[in-house]
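Breakdown of the fold
The chain contents come next:
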Amino acid sequence: MRPISATMLIFALVFPSLFFGAGQAGSNQAGLVGYSPRAGQNEREWEAKFRAIPDPANLREYMRRLSARPHHVGSPYDKDNAEWILAHFKEWGLDAHIERFDVLFPTPKVRLLEMLGPTKFTAKLEEPALAVDPTSNQKSEQLPTYNAYSMDGDVTGPLVFVNYGLPEDYEKLDRLGISVKGAIVIAKYYHSWRGVKPKVAAEHGAIGCLIYSEPKDDGYTRDNVFPLGPMRNPDGVQRGSVMDFASSSPGDPLTPGIGATPDAKRLALKDAKSLTKIPVLPISYGDAQPLLAALAGPMAPDEWRGSLPIPYHVGPGPAQVHLKVAFNWDIKPVYDVIAKIPGSVAPDEWIIRGNHHDAWVNGAEDPISGQVSLLEEARALSELLKQGWKPRRTIIYTAWDGEEPMLLGSTEWVETHADELREHAAVYINTDGNDRGVLNMGGSHSLEQFINGVARDIEDPETKMTVWRRAQLSKIAEAKSADDRKELRQRADLRINALGSGTDFTGFLDHVGIASLDLAYSGEDEQGIYHSIYDDFYWYTHFSDSDFVYGRALAQTVGTSVMRLADAEVLPFDFVNLADTAGTYTKNLEKLVADKQEEIRERNQEVDEGMFKATFDPRRPTVAPAKEEVPPHLNFAPMQNAVDSLTRSAKHYQEALAKYEENLGDEAMAPNLRLVNRKLIDSERRLTNSEGLPRRPWYKHLLYAPGVYTGYGVKTVPGVREGIELKRYAEAESEIVRVAKALEDESALIESAARELEGAGK
Ligand SMILES: [Zn+2]
């Protein structure tokens, strides 16, 4: 029987204090998967003690300290922060050290953007200090506005506006008869990883790329601009990496696949695959407006237009733009801070928790709002250790450096320790920034049930309902259909998001296959300071979680998760939700093929009927699309069969575990326990393939990957999905077979774990 049944859940929601109170006997009341009744009750008592410790005043003080000066990779304060974090871990009695890697980190030497005609204009490329904002004037330490891993370049050409710069935007341009060959494109920020924009532009023949912050997306259209409000002001610029990590690998571009240790064999700069193919520069809307205003040509499609007071034309030209960027291609140190709490029973099983500490500038929101919760968790755990708490497994707390340039510190650490991690790492939990609002849960679906359970035990600071209940009701409010609302009300667990990339779980999940979670509170506050000099203590304490109660909630959520994973006799993985999710993905993929077939058939018919001739306006000429071959049917049977088999073994395992929990605590079972946990640790690895995904072997997970053309956004079952999207149908078909094989292997592993549990004690 599941520890939290639907009726228990209703009871819990009506009488939360009764339900969550300590002192009840029996595994049902303890409600913890993987725990014997006695251990579950004990765990609940320790967790309650833990959750009383995190203090908003500490969170505020850590943030003030860590965001007091700019602390990007290679800066003095980046190292200073790492040492300060280390000193605190040590002061709290944890076994901690700094691990250093040496990575390629370019900083700008030349940045020039000018319009040569029809009017002359030179972009400011500068965020001014503001009198009310005390850290905004630290000019000598601030990195200028730029995109890291743009190549050097000096180009001149006509300007073309390309909306968000995604593949579908170029299809629209084709229909308008506009080519970007030999042009410099200007794209809006958001709707993809920013590195996708220069990648797609270069694939279409552009010679340079500008990316600007459109006020409709994070400026005055949404709220007052900083410092009056939280949004981006006319000079605010979003720095950021444009590394093409999704089609190659994240981390140091000179040491792909291996740790950037001092003796590592490094590629020559010219052989680094993840740099952009064309020069890129980010700009403010203050700098973008004169450039966009100087465009002629067709009007941009409705949905492309922003809220600047100009007509949005596409171009090309007549604006002629000169873009020149050059960088110092230096090797810089990154300092990961690693703290260990050794496990008392199973020290070779690891629970890892991380958040990065580096920022683009002062980075109060990104990443310090997450880092301060991590620190407070570590302090609270060390308090429990002093009171006699002994975690069963080893817990590793990590403060990563170099996340912003592209996951440098975490990726290099994962690559350096890949063999040990494969052997020992059970779960990785990531955070990266935190605000007010609803708990966002992303991760491996074998942890879906687990993290739902944790969310049921955390109180929301504003509504005082559980954060789980608040998340459920928020999702119901946003749901688009009656079916969705029904599922939200009836399914025991809320569905968690599959993970794409853009933060430090990537190496753990995608490269090694370690079950991962990514957690944050968000949704109540707009923000337009991302990666600017205005993301600082002043902004955060005026416009975000200013009393740090959501910082405390995050520490309580993640700390509870860490403890519950570290203390469980049987790791609290569940595969019923994984099987359900894999089934959903299979259906989605079948629908994707059917939708593509329908779309192409329809368009071909429209061409035949002469629809594009009928709608042609000689004053606003468009180009009719070419007829296309209709995609073939694909055989999803291997995946469907594998999902069925996984569903059966997942149910079997769930039943076997429920029976086993009743008998747990018997030391005679210890050998079994080790074996079962070993299999559970391996369960996420079974979803990987050592050869990796097509054309990007670093990415080994067959269910989750960042999309080659989305970056942050996940592509679930990426080999199959991208095969279909990129019209590589034979590849999609062979990927179906590979995914099915992995799901069958997973099913066999879970089945053997179930048998192991049933054999125990007999
Ligand atoms: Zn971050």
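What counts as what
- Residues numbered from 1 in each chain as written.
- Predicted model: local features only at pLDDT ≥ 70, side-chain atom pairs only at ≥ 80, totals over all residues.
- Heavy atoms only, no water.
- Phe/Tyr/Trp six-rings, centres within 6.5 Å; stacked < 30°, edge-to-face > 60°.
- Helix = DSSP H or I, 4+ residues; strand = E, 2+ residues; numbered from the N terminus.
- Buried < 20%, exposed > 50% of the residue type's maximum accessible area, 1.4 Å probe, protein only.
- Salt bridge = Lys/Arg side-chain N within 4 Å of Asp/Glu carboxyl O.
- Polar contact = N/O pair within 3.5 Å; in protein donor to acceptor, adjacent residues only side chain to side chain.
- Contact = heavy atoms within 4.5 Å.
- Donors = N, O, S within 2.8 Å, 3.2 Å for Na, K, Ca; no water.
- Lys, Arg positive; Asp, Glu negative; His and termini not counted.
- Core = buried A, V, L, I, M, F, W, Y, C linked by side-chain atoms within 4.5 Å.
- Pairing = 2+ DSSP bridges.
- Right-handed = clockwise from strand over helix to strand, strands pointing away.
- pLDDT = per-residue confidence, 0-100.
- Axes fitted to C-alpha atoms, helices over the stretch in contact; angles between N-to-C directions.
- Parallel < 35°, antiparallel > 145°, perpendicular 65-115°, else oblique.
- Left-handed = near helix turned anticlockwise from the far one by under 90°.
- Nonpolar A, V, L, I, M, F, W, Y, C, P; charged D, E, K, R; others polar.

Description of the packing of aromatic side chains
- Considering all chains together, one arrives at 27 aromatic pairs under this definition.
- Between Y146 and F327 the ring centres are 6.1 Å apart and the planes differ by 40°, which places this aromatic pair in the tilted class. Note that Y146 is positioned in the loop between strand 2 (121-122) and strand 3 (147-148) and F327 in strand 9 (residues 320-341), a separation of 181 residues in sequence. In this structure, Y146 and F327 share a single accessibility class: buried.

Points about the pattern of salt bridges
- This structure, assessed with the given rule, holds 51 salt bridges.
- Residues R65 and D80 are paired through a salt bridge, measuring 2.8 Å at the closest nitrogen-oxygen approach. In this pair, R65 sits in helix 5 (residues 56-66) while D80 sits in helix 6 (residues 76-91), placing the two residues 15 residues apart along the sequence.
- By relative accessible area, which is 32% here, D80 ends up partly exposed.

Quick word on the side chain of S248
- Along the chain, S248 falls in the loop between strand 7 (240-241) and strand 8 (280-283).
- Residue S248 is classed as buried on the basis of its relative accessible area, which comes to 17%.
- One polar contact links the side chain of S248 to the main-chain carbonyl oxygen of D244, over a distance of 2.8 Å.
- With near-sequence residues (within four places) excluded, S248 lies in contact with K273, S274, R696, W698 and Y699.

A closer look at the coordination of the zinc ion
- Distances from the zinc ion to its protein donors, H356 (NE2), D366 (OD), D432 (OD) and D432 (OD), fall within 1.9 to 2.6 Å.
- For D366, a relative accessible area of 8% translates into the label buried.

Observations regarding unusual backbone geometry
- Backbone torsion omega between G117 and P118 reads 0°, so that peptide bond is classified as cis.
- Looking at the secondary structure, you find P118 in the loop between strand 1 (95-117) and strand 2.
- P227 follows F226 through a cis peptide bond whose omega is 15°.
- By the secondary structure assignment, P227 is in the loop between helix 9 (215-218) and strand 7.
- Unusually for a residue other than glycine, L407 sits at a positive phi of about 55°.
- By the secondary structure assignment, L407 is in the loop between helix 12 (403-406) and helix 13 (408-416).
- By relative accessible area, which is 1% here, L407 ends up buried.

A word on the side chain of D133
- Looking at the secondary structure, you find D133 in the loop between strand 2 and strand 3.
- Of the buried charged residues, D133 lacks a salt bridge, with K139 as the closest side chain of opposite charge at 9.9 Å.
- Once residues within four sequence positions are removed from consideration, D133 is found in contact with F226, Y534, D536 and Y538.

Points about the nonpolar core
- Grouped together as the largest cluster of nonpolar side chains are 216 residues, with contacts concentrated most on F89, Y212, L292, L421, Y653 and I724.
- In this structure, Y212 is in contact with F161, I186, A187, K188, Y189, I283, S284, Y285, A288, L292, L308 and Y312, ignoring residues within four places of it in sequence.

What to know about helix 8 (residues 196-203)
- Burial analysis of helix 8 places 6 of its 8 residues in the buried class, the great majority of the element.
- Inspection of helix 8 places V196, K197, P198, K199, V200 and A201 among the buried residues, and these make up the whole buried set.
- Among the structural elements, helix 7 (167-175), strand 5 (184-188), strand 6 (208-212) and strand 8 are those in contact with the buried residues of helix 8.
- Of the residues trailing helix 8, G205 is marked for its positive phi of about 95°.

Notes on the pairing of strand 10 (residues 346-356)
- Within strand 10, 9 of the 11 residues are buried, which leaves the element mostly enclosed by the surrounding structure.
- Of the pairings in the sheet, the one linking strand 10 to strand 11 (residues 393-400) comprises 8 bridges and is parallel in character. Paired with W350 across the bridge in strand 11 is T394.
- You can see the chain leave strand 10, run along helix 11 (residues 364-386) and come back into strand 11, and the turn it takes is right-handed.
- With 5 bridges connecting them, strand 10 and strand 12 (residues 425-430) associate as parallel partners.

Thoughts on the confidence of the model for the protein chain
- Looking at the protein chain, pLDDT values average 94 and 95% of them are 70 or higher.
- Here residues 1-28 is modelled with pLDDT under 50, and outside its nearest four sequence neighbours on either side it reaches 46 contacts, counting other chains as well.

Regarding the packing of helix 15 (residues 448-455) against helix 20 (residues 549-567)
- Relative orientation of the contacting elements helix 15 and helix 20 amounts to 125°, with a least axis distance of 10 Å. It follows that helix 15 is oblique to helix 20 by the angle criterion. The crossing of helix 15 and helix 20 is right-handed. Seen from helix 15, the contacting residues are F450, I451, G453 and V454; seen from helix 20, they are T557, T560, S561, R564 and L565.
- Here the residues of the contact of helix 15 with helix 20 are counted per class, giving 4 nonpolar, 4 polar and 1 charged.

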